[in-house]
Amino acid sequence: MAQGIQLEQARFCCAICLDLLNDPVTIPCGHSYCLNCIKEHLEAEDGREIYTCPECRQILATRPVLVKNNLLAFVVEELKKSGLQAPRPDPCDSNTEDVVSDVGYAGLDDVACDVCTGRKQKAVKSCLQCWVSYCEEHLRPHYEVGPLKKHKLVEASEKIQDHICSRHQEVMKLFCRTDQKCICYLCSKDEHKGHEKVSAAAERAEKQIQLEKIQEKIHQKIQEKHKDMALFEQEEDAVNTSAETALKNNERIFTELISVIERRLSDARLKITARQKTEVGRFQKAKEKVGKEIGELKSKDAELEKLSNSEDHTDFLLNYPTVSQLNESKDVPSVKVRRLRYFEKVTAALSEAKDTLQEVLGEECAKISMSLSEANVVESNPNMEPKTRADFLQYACPITLAHDTANTHLLICKDDRKAAFTKEEQVYLPNQERFAYSWQVLSKERLTGRCYWEVERSGRGVLVAVAYEDISRSGTFNECVFGFNAKSWALDCYKNSYEFRHNNKRTPIPGFWSGRVGVYLDHSAGILSFYSVSEKMSLLKRVKTKFTQPLCAGLWLSEEAVVEMCKLK
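Residues numbered from 1 in each chain as written. Predicted model: local features only at pLDDT ≥ 70, side-chain atom pairs only at ≥ 80, totals over all residues. Heavy atoms only, no water.

1. Regarding the sheet that holds strand β19 (residues 505-509)
Move 1: Spatial strand order, β14-β23-β16-β17-β18-β19: six strands in an open sheet with antiparallel pairing. Looking at the sheet topology across the chains shown, the edges are occupied by β14 (440-442) and β19. Going across the sheet, the axis of each strand differs from the next one's by a mean of 20°, ignoring polarity.
Move 2: Relative to strand β17 (residues 488-494), strand β16 (residues 462-468) runs antiparallel, the two sharing six bridges. Paired with A465 across the bridge in β17 is A490. (Pairing = 2+ DSSP bridges. Helix = DSSP H or I, 4+ residues; strand = E, 2+ residues; numbered from the N terminus. Axes fitted to C-alpha atoms, helices over the stretch in contact; angles between N-to-C directions.)

Given below as structure tokens:
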């Protein structure tokens, strides 16, 4: 007989201790347990005054009277006598530690098996019906025993009791939307009576959809932040490149300036030396002539001295007319004392040049310092906004149109700078970036800092706009069209009249204006200005706000309209 039931021996195991039944008893629902196992279970439920079957969770009206199941007792005894059912060694039993390695034992951060004795194994699943966590060995009956196969298994968790109602000790399979909490079946009939209730699975499904939407938003924000990061990196690279270029130019220009000064010093030295030689040579010639004259005068003096000492009166008188006659020198060198300070003028001139050069260098260095300071200014001064077209052109930014955002009724051409409305739809690849219903297009460039561009229009109405890149592409009219939402600012140009739009608010701009519009953006200062461009710049509308994202230039075209982003020199 034992051989006939060998393959079904798992059916004769207690669902509580998972061993062969010992003194088997059967409760009203039909399930059998060891006498001691079911007694402990029912005693634990005495305080609740509600009794349940550990296996099927059926509620019993009263505590069942435990009667021995003689047939099961006989079958189990036969199994034991046959020796075919040797108890499986508990890998957690201290007596088997010599044959079981440490692999699989529960660590400090693991969930331990609730059934293991001695050193506990790591739990792999938790059962929401049994309220117990099992290791692989003790989990086997849940895969082999028919009734246990219906139990709900989840990932092993130390918080398995959190799934159980603390009041009724029942699994919380319902969700009360009124109170926004998980409840059990008995709670739904008691304190949550009349509330809106659904199954936990249904609420999970709805919350899962909301979670996916939140994740999608997070992913979009991550992408935006990555784009911002890329912009910051570009700006950082631009700053480094610009600084390196400025340092090289600074070195080169000052080296050239020093070279110029050294050349001027050398020229001045040569000129002073040449003048010195000229003047010294002239005075040497004068000295030679004067020396010669001194010699002649000394000779004359000696003759006169000799004549003066003559005792012969007749000889004296005869020679006196000749000896006493003095020869007047011709071209006698003259000496002016002022010539001694001739080179003081050079020193004075050099000192004056030094003062002038220092003054000029001081002014230019101040300009350089100011330009360096302006490079670090985050908030721009509105009073520093350009006035003339030449001033605006300093911030000229080439704008090109992004094909992947253009509505199919817009033809993009002329190096992506021109857009024209067409009744025939263009063949564009579908993508999420394209405006589905509004005849619009965004620029490829993401605009930060100071930017200026001009738009030339013809035909009918046009919206010249700036917008955040995440403006809706396929939503409602107000969500998509420039100027009708909080994510865009637009100048509505119709014939010769203009109107400013933002967040579906309109501001008429009276007057007749040209067909060319200039757009000035100072992103960090939050300034956006539209100008009519002709012989002079005429302000149409200035906006002061706070931009929270980089902006894109945008265009909306009505039928027969053509718009071109102008090339600015």
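2. Topic: unusual backbone geometry
Move 1: Of note, the phi angle at Q180 is positive, near 55°, even though the residue is not glycine.
Move 2: With respect to the helices, strands and loops of the structure, Q180 is situated in the loop between β9 (174-176) and β10 (181-183).
Move 3: By relative accessible area, which is 47% here, Q180 ends up partly exposed.
Move 4: Backbone geometry at K414 places phi at a positive 50°, although glycine is not the residue there.
Move 5: Looking at K414, the relative accessible area reads 43%, which means it is partly exposed. (Buried < 20%, exposed > 50% of the residue type's maximum accessible area, 1.4 Å probe, protein only.)

3. Digging into the packing of helix α6 (residues 200-308) against helix α7 (residues 313-323)
Helix packing for two helices is described by the angle between their axes and how far apart those axes are.
Move 1: Remark: α6 packs on α7, axes separated minimally by 10 Å, with the N-to-C direction vectors making an angle of 165°. With respect to α7, the axis of α6 lies roughly antiparallel. The handedness of the crossing between α6 and α7 comes out as left-handed. Of the residues in α7, those in contact with K300, E303, L304, L307 and S308 of α6 are D315, F316, N319, Y320, T322 and V323.
Move 2: Per-class residue counts for the contact of α6 with α7 are five nonpolar, three polar and three charged. (Parallel < 35°, antiparallel > 145°, perpendicular 65-115°, else oblique. Left-handed = near helix turned anticlockwise from the far one by under 90°. Contact = heavy atoms within 4.5 Å. Nonpolar A, V, L, I, M, F, W, Y, C, P; charged D, E, K, R; others polar.)

4. Side note on the sheet that holds strand β20 (residues 516-522)
Move 1: Taken in spatial order, the seven strands make up an open sheet running β12-β13-β24-β15-β20-β21-β22, and their pairing is antiparallel. Unpaired on one side and paired on the other, β12 (410-413) and β22 (537-544) mark the two borders of the sheet. Each neighbouring strand pair of the sheet contributes to a mean axis angle of 20°, computed without reference to strand direction.
Move 2: The pairing of β12 with strand β13 (residues 418-421) spans four bridges and is antiparallel. Its bridge partner lying in β13, L410 is registered against F421.

5. Focus on the side chain of S488
Move 1: Residue placement: S488 occurs in strand β17.
Move 2: Of note is the side chain of S488, whose polar atom sits 2.8 Å from the side chain of N485.
Move 3: In contact with S488, other than residues within four places in its own chain, are V466, A467, I471, V481, F482, G483, R501, H502 and N503. (Polar contact = N/O pair within 3.5 Å; in protein donor to acceptor, adjacent residues only side chain to side chain.)

6. Focus on α6
Move 1: Its 109 residues place the ends of α6 154 Å apart at the C-alpha level, agreeing with the 162 Å of an ideal helix rising 1.5 Å per residue.
Move 2: Burial in α6 covers these residues: E203, D228, L231, E279, A286, E293, K300 and L307. (Expected span 1.5 Å × (residues − 1).)

7. Remarks on the nonpolar core
Move 1: Residues W453, V464, W489, L528, F530 and L555 are the most contacted members of the largest nonpolar core, which totals 39 residues.
Move 2: In this structure V464 touches V455, W489, A490, L491, C493, V517, V519, F530, G554 and L555, once residues within four positions along its chain are discounted.
Move 3: Grouped together as the second largest cluster of nonpolar side chains are 19 residues, A15, C34, L42 and C53 included. (Core = buried A, V, L, I, M, F, W, Y, C linked by side-chain atoms within 4.5 Å.)

8. Section: the environment of T52
Move 1: Tracing the sequence through the fold places T52 in strand β3 (residues 51-52).
Move 2: In sequence terms T52 and P64 are twelve residues apart; their C-alpha atoms lie 9.9 Å from each other.
Move 3: Non-local contacts of T52, meaning those with residues more than four positions away in its chain, are made with H41, E45, R57, Q58, I59 and E170.

9. Quick word on the packing of aromatic side chains
Move 1: In total, this model carries twelve aromatic pairs according to the counting rule given.
Move 2: A ring pair is formed by W439 and W556, whose centres lie 6.5 Å apart and whose planes are at 15°; its orientation type is stacked. Of this pair, W439 sits in the loop between β13 and β14 while W556 is found in strand β23 (residues 551-557), placing the two residues 117 residues apart along the sequence.
Move 3: We classify W439 as partly exposed; its relative accessible area is 25%.
Move 4: Judged by relative accessible area, which is 21%, W556 ranks as partly exposed.
Move 5: Look at F500 and F530: their rings are 6.2 Å apart centre to centre, the planes differ by 55°, and that puts the pair in the tilted class. With F500 in strand β18 (residues 497-502) and F530 in strand β21 (residues 527-533), this pair connects stretches of sequence that are 30 residues apart. Pair check on accessibility: F500 and F530 agree, each one buried. (Phe/Tyr/Trp six-rings, centres within 6.5 Å; stacked < 30°, edge-to-face > 60°.)

10. Topic: a positive patch on the surface
Move 1: A cluster of like positive charges, contributed by K213, K217, K221 and K225, occupies part of the molecular surface.
Move 2: Relative to the helices and strands, K217 resides in helix α6.
Move 3: Residue K217 is classed as exposed on the basis of its relative accessible area of 54%. (Patch = residues over 30% accessible without salt bridge, like charges linked within 9 Å, V, L, I, M, F, W, Y side chains within 5 Å. Areas by Shrake-Rupley, 256 points an atom, 1.4 Å probe, with all protein chains shown as cover. Salt bridge = Lys/Arg side-chain N within 4 Å of Asp/Glu carboxyl O. Lys, Arg positive; Asp, Glu negative; His and termini not counted. Charge placed at Lys NZ, Arg CZ, Asp CG, Glu CD.)

11. Things to note about the environment of A202
Move 1: Among the structural elements, A202 can be located in helix α6.
Move 2: With 28 residues separating them in the primary sequence, A202 and L174 have C-alpha atoms 9.0 Å apart.

12. Notes on the state of the cysteines
Move 1: Here the structure, examined in full by the defined rule, presents zero disulfides.
Move 2: With no disulfide of its own, C451 lies 4.7 Å from the sulfur of C397, the closest cysteine sulfur. (Disulfide = S-S within 2.5 Å.)

13. Overview of the pairing of β20
Move 1: Among the seven residues that make up β20, six are buried, leaving the element largely enclosed by the rest of the structure.
Move 2: Pairing analysis gives seven bridges linking strand β15 (residues 450-458) to β20, with the strands arranged antiparallel. The residue bridging E456 from the neighbouring strand is R516, located in β20.
Move 3: Here six bridges tie β20 to β21, and the two strands are oriented antiparallel to one another. Looking across to β21, one finds that L521 is bridged to L528.

14. Observations regarding the confidence of the model for the protein chain
One rule of thumb: low pLDDT means the predicted coordinates there are not for detailed reading.
Move 1: Taken residue by residue, the protein chain gives an average pLDDT of 83. The fraction at 70 or more is 87%.
Move 2: Looking at the elements of the protein chain, mean pLDDT is at its lowest for helix α8 (residues 344-375), recorded as 68, and at its highest for β14, recorded as 97.
Move 3: Residue range residues 84-101 is modelled with pLDDT below 50. Its contacts to residues more than four positions away, or to other chains, number 30 contacts.
Move 4: pLDDT under 50 marks residues 374-382. Its contacts with residues more than four places away, or in other chains, come to nine contacts. (pLDDT = per-residue confidence, 0-100.)

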